[in-house]
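Tertiary structure, described
Residues per chain are reported as follows:
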Amino acid sequence: MNSSPVIPRTFRLLVTGGGTGGHTYPALTAVRTLQARLAQAGSTLDVLWIGTADGLEARIAPAEGIPFRTVATGKVRRSANPLKMLSAANVKDMAKVPLGVAQARAIVSEFAPDVVLATGGYVAVPAGLAARLCRRPLVLHEQTVRLGLANRKLAGSATRIAVSSESSLPLLPAEVRARAVVTGNPVRPEVLTGHADKAVQTLGLTGFDRRLPTVYVTGGAQGAQQINNVVREVLPWLLGHANVVHQCGPANVGELRSAVSGLDPVLAGRYHLTGFVGPELPDVLALADVVVSRSGAGTLAELTALGKPAVFVPLATSAGNEQAHNARHLADAGAAVALLGEVTGQTLWDAVGPLLTDTARRAEMAQRARAYGRPDAADRLVDVLLSAASAASA
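Below: a short report on this structure. Given the structure is predicted, the values throughout are model-derived calculations rather than measurements.

**Focus: the sheet that holds strand E3 (residues 68-70)**
The strands making up a sheet associate through backbone hydrogen bonding, with each pair oriented either parallel or antiparallel. On the basis of which strands lie adjacent, the open sheet formed by 7 strands has the order E3-E2-E1-E4-E5-E6-E7 and parallel pairing. Edge positions in the sheet fall to E3 and strand E7 (180-182), since each has one partner strand and no second. On average, adjacent strands in this sheet sit at an angle of 25 degrees to one another, irrespective of strand direction. Bridging between strand E4 (residues 115-118) and strand E5 (residues 138-142) involves 3 bridges; their strand directions are parallel. Residue pairing in the sheet places Val-116 in a bridge with Leu-138 of E5. Taken strand by strand, helix H1 (residues 21-40) contacts strand E1 (10-16), strand E2 (44-51) and E4, and its axis lies near 165 degrees from that of E2.

**Description of helix H15 (residues 359-372)**
Taking 1.5 Å per residue as the helical rise, H15 with its 14 residues ought to reach 20 Å, and the 20 Å between its terminal C-alpha atoms agrees with that figure. Along H15, the residues classified as buried are Arg-362, Met-365, Ala-366 and Ala-369. Projected down its long axis, H15 shows its buried positions confined to an angular sector of 105 degrees, all on one face. Exposed and oriented more than 90 degrees from the buried face of H15 are Ala-360, Gln-367 and Ala-371. Turning to H15, the residues buried within the fold contact strand E11 (290-293), helix H12 (297-306), strand E12 (310-312), strand E13 (337-338) and helix H14 (345-357). Of the residues flanking the start of H15, the one acting as N-cap is Asp-358, its side-chain oxygen 3.1 Å from the backbone nitrogen of Ala-360.

**So, the environment of Ala-338**
By secondary structure assignment, the location of Ala-338 is in strand E13. Separated by 43 residues in sequence, Ala-338 and Ser-295 have C-alpha atoms that sit 8.9 Å apart. Those residues in contact with Ala-338 that lie beyond four places of it in its chain are Phe-312, Ala-327, Arg-328 and Ala-331.

**Quick notes on the sheet that holds E11**
An order of E10-E9-E8-E11-E12-E13 is seen for the 6 strands of this open sheet, with the pairing classed as parallel. Both edges of this open sheet fall to strand E10 (271-274) and E13, since each of them pairs with a single strand only. In terms of strand pairing, strand E9 (residues 243-247) meets E10 through 4 bridges, oriented parallel. When the bridges of E10 are listed, Val-245 appears paired with His-272.

**Overview of the nonpolar core**
One finds Val-215, Val-292 and Leu-348 to be the most contacted residues of the largest nonpolar core, which totals 33 residues. Those elements giving two or more residues to this core turn out to be strand E8 (214-218), helix H8 (225-241), helix H9 (253-259), E10, E11 and H14. Setting aside chain neighbours within four positions, we find Leu-348 in contact with Val-230, Val-231, Val-234, Val-292, Val-311, Leu-339 and Gly-353.

**Comments concerning the pattern of salt bridges**
All chains considered together, the criterion is met by 12 salt bridges. When the shortest N-O distance is used, the salt bridge between Asp-209 and Arg-211 registers 3.0 Å. Residue Arg-211 is classed as exposed on the basis of its relative accessible area, which comes to 76%. Close ionic contact of Glu-364 with Arg-368 constitutes a salt bridge, the shortest N to O distance being 2.9 Å. On the criterion of helical spacing, the pair formed by Glu-364 and Arg-368 is a turn pair, its members being 4 residues apart in helix H15. Accessibility expressed as a relative area gives 40% for Glu-364, which makes it partly exposed. Salt bridges linked by common partners bring Arg-32, Glu-64 and Glu-190 together as one network.

**Focus on the pairing of E5**
Within E5, 5 of the 5 residues are buried, which leaves the element mostly enclosed by the surrounding structure. On E5, burial covers both faces: Leu-138, Leu-140 and Glu-142 on one face and Val-139 and His-141 on the other are all buried. Bridge analysis of E5 against strand E6 (residues 160-163) gives 4 bridges, and the strand direction is parallel. The partner of Leu-140 across the bridge, within E6, is Ile-161.

Cut-offs and rules
Residues numbered from 1 in each chain as written. Predicted model: local features only at pLDDT ≥ 70, side-chain atom pairs only at ≥ 80, totals over all residues. Heavy atoms only, no water. Pairing = 2+ DSSP bridges. Helix = DSSP H or I, 4+ residues; strand = E, 2+ residues; numbered from the N terminus. Axes fitted to C-alpha atoms, helices over the stretch in contact; angles between N-to-C directions. Contact = heavy atoms within 4.5 Å. Expected span 1.5 Å × (residues − 1). Buried < 20%, exposed > 50% of the residue type's maximum accessible area, 1.4 Å probe, protein only. Arc of directions from axis to C-beta. Polar contact = N/O pair within 3.5 Å; in protein donor to acceptor, adjacent residues only side chain to side chain. Core = buried A, V, L, I, M, F, W, Y, C linked by side-chain atoms within 4.5 Å. Salt bridge = Lys/Arg side-chain N within 4 Å of Asp/Glu carboxyl O.

Below is the structure:
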């Protein structure tokens, strides 16, 4: 890779990808990082995002002042049964792809980007194919251990394939492996700058015993009923050994609050229940000694960059079972605990207990997690974008 690519006065970046935060936030972090890099060089960034009208990116991009366009696209509903892949809904949606490619080709031709960044999600397919048709360099970014469906479809058209883990490289098709580079998964910089004492102050955690470790339990923005249920089963025991910040999802607060109403007041003081964690997330993560969570790619990137011991409860219905693969990947390295299959209060107890009572074990897992973290992933990805654009213009 060229370490000092020529940077034009105005750099034009077309971003495509989204549907979920796992595809959207890495792209947004890359845009912010590229913008800062260009500003340092006296250049400006002209960016355009192609997404779906109903995906998260449709809200995030305009909120960040990024021009946003939509194209027709089809979602492939996956199934282990090949015949079910030929469902009426799949056939109908796949018929939209040629129209989406034509629409994306017109947008790419008009915008004339220096490089196209595709971060996955089914909307990335028409825009990525349009980049190839318009002869614009295409950089794929893959957040998970294995290439997602959209990126697998686009791999043959890509100039560079940025992956988040060394273990992804042997999983790539042999014919594209030479174009791959390990960047890591971009992490929002604010996540890395939290302060534990600020979390205590902001959330009013006056009953927390700071001599005990703190467990952060999260099921994502909407919460996870599975995680909420097993935590509730062991909560009295858990609060006997730790403080707990429990982000349970806005719809689940009432049910959990009534379930813990009979707790001993001292134990109850160590329990902070909240529907949603917003801007205070970096401080909550700084306070946490152990995290219990799903194992989406973004979560893994943040926790490894911070070096946080984690107990993962993968979402069983994640696309391609990617959360289980993510969790197993870290667990095999001793960098996390993965609870695969049926999860009960007892299995959670068995997983979390040793991390709370054995500080040396917790420290070792933190060190191994940090070894997998790439807090500079956004800068690495920006290097790839600039290099791909520079090589295309040479």
